[in-house]
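Spelled out from the first residue to the last, the chains are:
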Amino acid sequence: MAKRGRKNAYETVIKPRFDDILKWLRSGATEEQICKNLGISQQTFYKYKQENTEFSEFLIKGRQNLVEQLRGALIKKALGFDYAESKVTTKVVDGKEQTTTEITTKAALPDVAALNLCLKNYDPENWANDPQALKLKEKELELKQKIAQKDIWDGDF
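Residues numbered from 1 in each chain as written. Predicted model: local features only at pLDDT ≥ 70, side-chain atom pairs only at ≥ 80, totals over all residues. Heavy atoms only, no water.

Draft legend 1. Representation of the nonpolar core within the structure. By size, the foremost hydrophobic cluster in this structure holds 17 residues, and its most contacted members are I14, I21, I34 and F55. In terms of residue count, helix α2 (residues 18-26) provides more of this core than any other element does, 4 residues in total. For I14, the residues in contact, after removing those within four places along its chain, are A9, I21, L38, I40, Y48 and F55. (Core = buried A, V, L, I, M, F, W, Y, C linked by side-chain atoms within 4.5 Å. Buried < 20%, exposed > 50% of the residue type's maximum accessible area, 1.4 Å probe, protein only. Helix = DSSP H or I, 4+ residues; strand = E, 2+ residues; numbered from the N terminus. Contact = heavy atoms within 4.5 Å.)

Draft legend 2. Seen up close, the packing of helix α5 (residues 53-79) against helix α6 (residues 112-122). Relative to each other, α5 and α6 sit at 120 degrees, their axes nearing to 8 Å. Of the possible angle classes, the one that applies to α5 and α6 is oblique. For α5 against α6, the interelement crossing comes out left-handed. Only A114, L115, L117, C118 and Y122 of α6 make contact with α5, whose side of the interface consists of R71, L74, I75, K77 and A78. Residue composition of the contact of α5 with α6, grouped by class: 8 nonpolar, no polar and 2 charged. (Axes fitted to C-alpha atoms, helices over the stretch in contact; angles between N-to-C directions. Parallel < 35°, antiparallel > 145°, perpendicular 65-115°, else oblique. Left-handed = near helix turned anticlockwise from the far one by under 90°. Nonpolar A, V, L, I, M, F, W, Y, C, P; charged D, E, K, R; others polar.)

Draft legend 3. Looking closely at the pairing of strand β1 (residues 81-93). In terms of residue burial, β1 counts as a barely covered element, since only 0 of its 13 residues are buried. Between β1 and the antiparallel strand that follows it, strand β2 (residues 96-108), lie 2 residues; D94 among them carries a positive phi value of about 55 degrees. (Pairing = 2+ DSSP bridges.)

Draft legend 4. Main features of the packing of α2 against helix α3 (residues 31-38). Relative to each other, α2 and α3 sit at 145 degrees, their axes nearing to 10 Å. The way α2 lies across α3 gives a crossing that is right-handed. Taking contact as the criterion, the partners of I21, W24 and L25 in α2 are, on α3, I34, N37 and L38.

What follows is the structure, given as structure tokens:
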């Protein structure tokens, strides 16, 4: 028996616009902006995101490219890099315009904030804002695990 009634917004609004949504995700659009572009409420968007694994996976994959680009840019900024800067000048000599282009290689120095963020994310065991607090949390976790083990063996659940 065929379904009756109106099709839901996922089938009529969201699914046909996957290509547009992908472009928006890759350009860094928020889910709120995507909802506005689609003309649907955020509640509707989140409802279909929860109900359709196809849609939620699509959103995750759509952001992957942007995340990779951001990660690359952060690492590049953390390490520093060389770049070319061009300066175009135009002069009038003997009634004729002469255009010259001067290309200069410049260096962007490593950025301390980007270095800090990269190290905290890529080597969290050795880098933290507060190493003492990190050690305390590790000891606290060990203690909680010991207590949990003791409770299991004592029969307390």
